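Secondary and tertiary structure notes
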Amino acid sequence: MVLHHAPLLMKHFSEMIAFSQEDMMILGLNMLVCIVVFFIMKSIRGSQTHSWYLTFYASFVSSFVGLYFGYHLLHDGFTSTISNETVISRYIALFFIGYCVMDLVVGSVHYVEEISFEDGWIHHLLYITICYFLLHHEMTAFFAVALIEEIPVVLLSFFEVRNKQRPSLLFGVLYFLTRVVFHTVLIYKVGQFSHFVLFSGMVLLTWHVKVFQKWVRGYLMRSASRKRMKYRHKMLIMLSMLIAQVLVHSYAMWDLVTQKYEDHHQDSIPVIALHGAIFLYFMTLFGVMIHDVYCQNFIMTSIGKKKIIYNISWEDPAIDHKVMHMNEDDVVLTISSAGCNVLDYLCEGPKKDYRGGHERGAVTHVRTEVGVHQSVNLGAVFRHLGSIRLQSFHRGVQIEAS
């Protein structure tokens, strides 16, 4: 009975959400393919990086379609390409909806920790909403062109699936060119046809800029641990990106305003002011990036070249105890420091405790502390700590056992 009415139910459901039966079949087929691809890659790659399998598959297909439409963009022009829906553009929008749905479904079972609320659920549901709107209004050509932005994701997911270190600088440059610069131009072009797409694109642009901002900070930290790029080169790259984005954003905004509001200047003043405020907001975000480049490079250069050394001990004996499980059969070697870590380790009762240090006074100070505590004379402890003098230390050995 259920199987007999299944085609009728599918037809009713597709009419309710403005999808044809063919759309529903394409959507369902892609969701099935997503499951097959996931389990095939899981069987090949083993138990690591599960969350990147579907991302790699979807970004590879999407970027290929995006490059195809990018060619038409150069050949036929912006307006002609994004205003004419094709069968391929409609199918790729359905494809992306299927991917988003299955990434959430499969991820809820196989990689729950990787599906965050913001980057997982909110991100995917927003894309599903945008794709549905574009399908309903026959504007999927815009989405197909926008899939050029998946190129850096292909690079990232490829290296993640293979458990290799990704080329950080290449990824960052590609991400900036596609998801910041190109995305800005594209949403302002489509803004001439749809306010919803324009402001949805602004939300995504904010997302992209913040991800790029995280990359900038992470890249500076990683480059600090390896051979560092020169300060002037970092500043030159980031300033070039900022200038490029200022020019692109300014031109895109001016083009939209002159094309759409030139005949209604008085009525369009609030809208123009809103676009100006949005422009200033994004420029503020890029200003923060430049600030990060300057501050991070200043700190790392100061440490590396000016020999700034922090007098802070980062050890945590509680963590050491939890990991190493010291007992009476263990021998411990530690830096004497002020003695707190040494005394903490001694409380675990190791067989021997060796402490060493660059300063002889510190080693002798710890030896005195241990001796006083062994005497169980708390008054002597406080007198020692309160009236300590450098000249009272012995010119003893730097490493000794107790």
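Per chain, residues are indexed from 1 in the order of the written sequence. Local features in this predicted model are restricted to residues whose pLDDT is 70 or higher, and side-chain atom pairs enter the listing and the counts only when it is 80 or higher, whereas totals over whole chains, interfaces and linings include all residues. Side-chain metrics in this entry use all non-hydrogen atoms of the structure; hydrogen atoms and water are not considered.

For helices the rule is a DSSP run of H or I covering at least 4 residues; for strands it is a run of E covering at least 2, with both sets numbered from the N terminus onward. Within the element layout of this structure, Thr184 appears in helix α9 (residues 168-190). The rule is simple: take the accessible area with a 1.4 Å probe, protein chains only, and divide by the maximum for that residue type; under 20% is buried, over 50% is exposed, in between is partly exposed. Residue classification places Thr184 among the buried positions, given a relative accessible area of 0%. Each C-alpha atom, one on Thr184 and one on Gln245, is 8.6 Å from the other, the two residues being 61 residues apart in sequence. Residue contacts are counted whenever heavy atoms from the two residues lie within 4.5 Å of one another. Excluding anything up to four places from it in sequence, Thr184 contacts Leu205, Gln245, Val248, His249 and Ala252. Side-chain polar atoms of Thr184 contact the side chain of Gln245, separated by 3.0 Å. The term polar contact refers here to a pair of N or O atoms within 3.5 Å; inside protein, the definition further demands a hydrogen-donor-capable atom paired with an acceptor-capable atom, and it admits residues adjacent in sequence only when both atoms are side-chain atoms.

Right, let's talk about the side chain of His275 for a bit. Inspection of the secondary structure puts His275 in helix α12 (residues 269-305). Each residue touching His275, except ones within four places of it in the same chain, is listed here: Tyr188, Leu198, Met253 and Leu256.

Time to look at empty space enclosed by the protein. Each cavity reported here is a set of points on a 1 Å grid over the protein atoms alone in which a 1.4 Å probe fits but cannot get out, each pocket an open set with protein on both sides within 12 Å along at least five of seven lines, and each lining residue one with an atom within 4 Å of a point. Grid points are joined across faces, edges and corners, and a volume is the space filled by probe spheres set on the points. By the definition in use, this model includes 2 cavities of 30 Å³ or more. In this structure, the largest cavity spans a volume of roughly 160 Å³. Among the elements of the structure, α6 (117-136), α7 (140-146), α9 and α10 (195-225) are those that each provide at least two residues to the lining of the largest cavity. Of the residues forming the lining of the largest cavity, the biggest block, 4 residues, is contributed by α10. Residue polarity follows a fixed list, in which Ala, Val, Leu, Ile, Met, Phe, Trp, Tyr, Cys and Pro are nonpolar, Asp, Glu, Lys and Arg are charged, and the others, Gly among them, are polar. In terms of residue class, the lining of the largest cavity is made up of 11 nonpolar, 3 polar and 2 charged. Estimated volume of the second largest cavity: approximately 40 Å³. Lining of the second largest cavity is provided by Phe212, Met238, Met241, Leu242, Phe286, Met289 and Ile290. Listed by contribution, the elements that provide at least two residues to the lining of the second largest cavity are α11 (231-261) and α12. Among the residues making up the lining of the second largest cavity, the classes are represented as 7 nonpolar, no polar and no charged.

Approximately 1100 Å³ is the volume found for the largest pocket. When contributions to the lining of the largest pocket are tallied by element, the ones reaching two or more residues are α3 (53-76), α5 (87-110), α6, α8 (151-161), α9 and α10. Sorting elements by how many residues they give to the lining of the largest pocket places α10 first, with 11 residues. Across the lining of the largest pocket, the residue classes break down as 16 nonpolar, 10 polar and 11 charged.

Nothing here speaks to function; it is all geometry.
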